[in-house]
Amino acid sequence: MMLNQPEFSLLETILWQPDDGYFVLDYHLQRLQASAIYFDFNIDINSLKTQLDKLTKLFANQAYKVRLLLDSHGEMTYQTMSLSPVNNEKFVKLGMSCTPVDSTNIFLYHKTTNRQVYEIAKAAFPDCDDVLLGNERGEITETCIGNIVVDLNGELLTPPVECGLLAGTFRADLLEQGKIKAEIITVEMLKYSDRIYIINSVRKWREAVLISD
């Protein structure tokens, strides 16, 4: 456990769909458990699975988002929200943060309620839907709400975790399937990209357009 760290909870946001159930659930549970071990939080995975299963009995025939919070004492809270369809034909307006993240910041690597880095970045671009972050070495990392995938020369690339980013669950699934590849992407390389995508396990693929200053 780190000294002088702020109060926070671990967080997972999980998609449930009527025909498929919980999307990439194993990745969510693995990530949550790994973070709980790292921060020395109590966790009962079997109890969590049981509660998630109970929640599905309340769902109607539509998609839902389940927000799961785990505090340091092992207390879990669940929030459910019906999910409206997203217009995948609409580009996400993406700003580019000029303030680099510190790739040694441990909270970049764990999904928690300590989201100050992302909140500050997003506040600087009120007219954009999301903001792309980069580290102190000029490497892009992630956005405030998802991982980034860049189409470069016919390859779909995503930054390695070591650049300073959250290992997303959908990202992990795509990497395992070989649909994307982890490779360092510099800010300069973005100029030559054919397409930019934001991915996460709730909204999956969304194409983005980078808004210049």
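All of these numbers come straight from a predicted model, not from anything done at the bench.

## Quick word on the overall build of the chain
Part 1: From N to C terminus, the chain includes 4 helices and 12 strands.
Part 2: Scaling as 2.2 N^0.38, a compact globule of 213 residues should have a C-alpha radius of gyration of about 17 Å, and the chain matches this with 17 Å.
Part 3: Along the first, second and third principal axes, the C-alpha atoms of the chain reach 45 × 45 × 35 Å.
Part 4: In the chain, 66% of the contacts between residues at least 6 apart in sequence involve partners at least 24 apart.
Part 5: Accessible surface, the chain: about 11400 Å² in total, of which carbon and sulfur atoms supply 50%.
Part 6: Counting 20 positive and 29 negative side-chain charges, the chain places the centres of these two groups 5 Å from one another.

## Side note on the packing of helix α1 (residues 25-39) against helix α4 (residues 169-177)
Part 1: Interaxial distance between α1 and α4 falls to 9 Å at its minimum, and their mutual angle equals 120 degrees. Relative to α4, α1 is oriented oblique. Taken as a pair, α1 and α4 cross one another with a handedness that is right-handed. For the pair α1 and α4, the contacting residues are Tyr 27, His 28 and Arg 31 in the first and Thr 169, Ala 172, Asp 173 and Glu 176 in the second.

## Let's talk about the pattern of salt bridges
Part 1: Scanning all chains against the criterion turns up 8 salt bridges.
Part 2: Measuring nitrogen to oxygen at the nearest pair gives 2.7 Å for the salt bridge that ties Glu 12 to Arg 31. Here Glu 12 is found in strand β1 (residues 10-17), whereas its partner Arg 31 is found in helix α1, with 19 residues between them in sequence. Summarising the burial analysis for this pair, Glu 12 and Arg 31 share the class buried.
Part 3: Measuring nitrogen to oxygen at the nearest pair gives 3.3 Å for the salt bridge that ties Asp 53 to Lys 57.
Part 4: For Asp 53, a relative accessible area of 43% puts it in the partly exposed group.
Part 5: What makes Lys 57 exposed here is its relative accessible area of 60%.
Part 6: The network of salt bridges with common partners includes Glu 136, Arg 137 and Glu 139.

## Regarding unusual backbone geometry
Part 1: One non-glycine residue, Asp 40, adopts positive backbone phi at about 60 degrees.
Part 2: On the basis of relative accessibility, which here comes to 57%, the residue Asp 40 falls in the exposed class.
Part 3: For Lys 204, which is not glycine, the phi dihedral falls at a positive 60 degrees.
Part 4: You can see Lys 204 is positioned in strand β12 (residues 204-210).
Part 5: Lys 204 sits in the partly exposed class, given a relative accessible area of 25%.

What counts, and at which threshold
- Residues numbered from 1 in each chain as written.
- Predicted model: local features only at pLDDT ≥ 70, side-chain atom pairs only at ≥ 80, totals over all residues.
- Heavy atoms only, no water.
- Helix = DSSP H or I, 4+ residues; strand = E, 2+ residues; numbered from the N terminus.
- Rg over C-alpha atoms; globule rule 2.2 N^0.38 Å.
- Contact = heavy atoms within 4.5 Å.
- Areas by Shrake-Rupley, 256 points an atom, 1.4 Å probe, with all protein chains shown as cover.
- Lys, Arg positive; Asp, Glu negative; His and termini not counted.
- Charge placed at Lys NZ, Arg CZ, Asp CG, Glu CD.
- Axes fitted to C-alpha atoms, helices over the stretch in contact; angles between N-to-C directions.
- Parallel < 35°, antiparallel > 145°, perpendicular 65-115°, else oblique.
- Left-handed = near helix turned anticlockwise from the far one by under 90°.
- Salt bridge = Lys/Arg side-chain N within 4 Å of Asp/Glu carboxyl O.
- Buried < 20%, exposed > 50% of the residue type's maximum accessible area, 1.4 Å probe, protein only.

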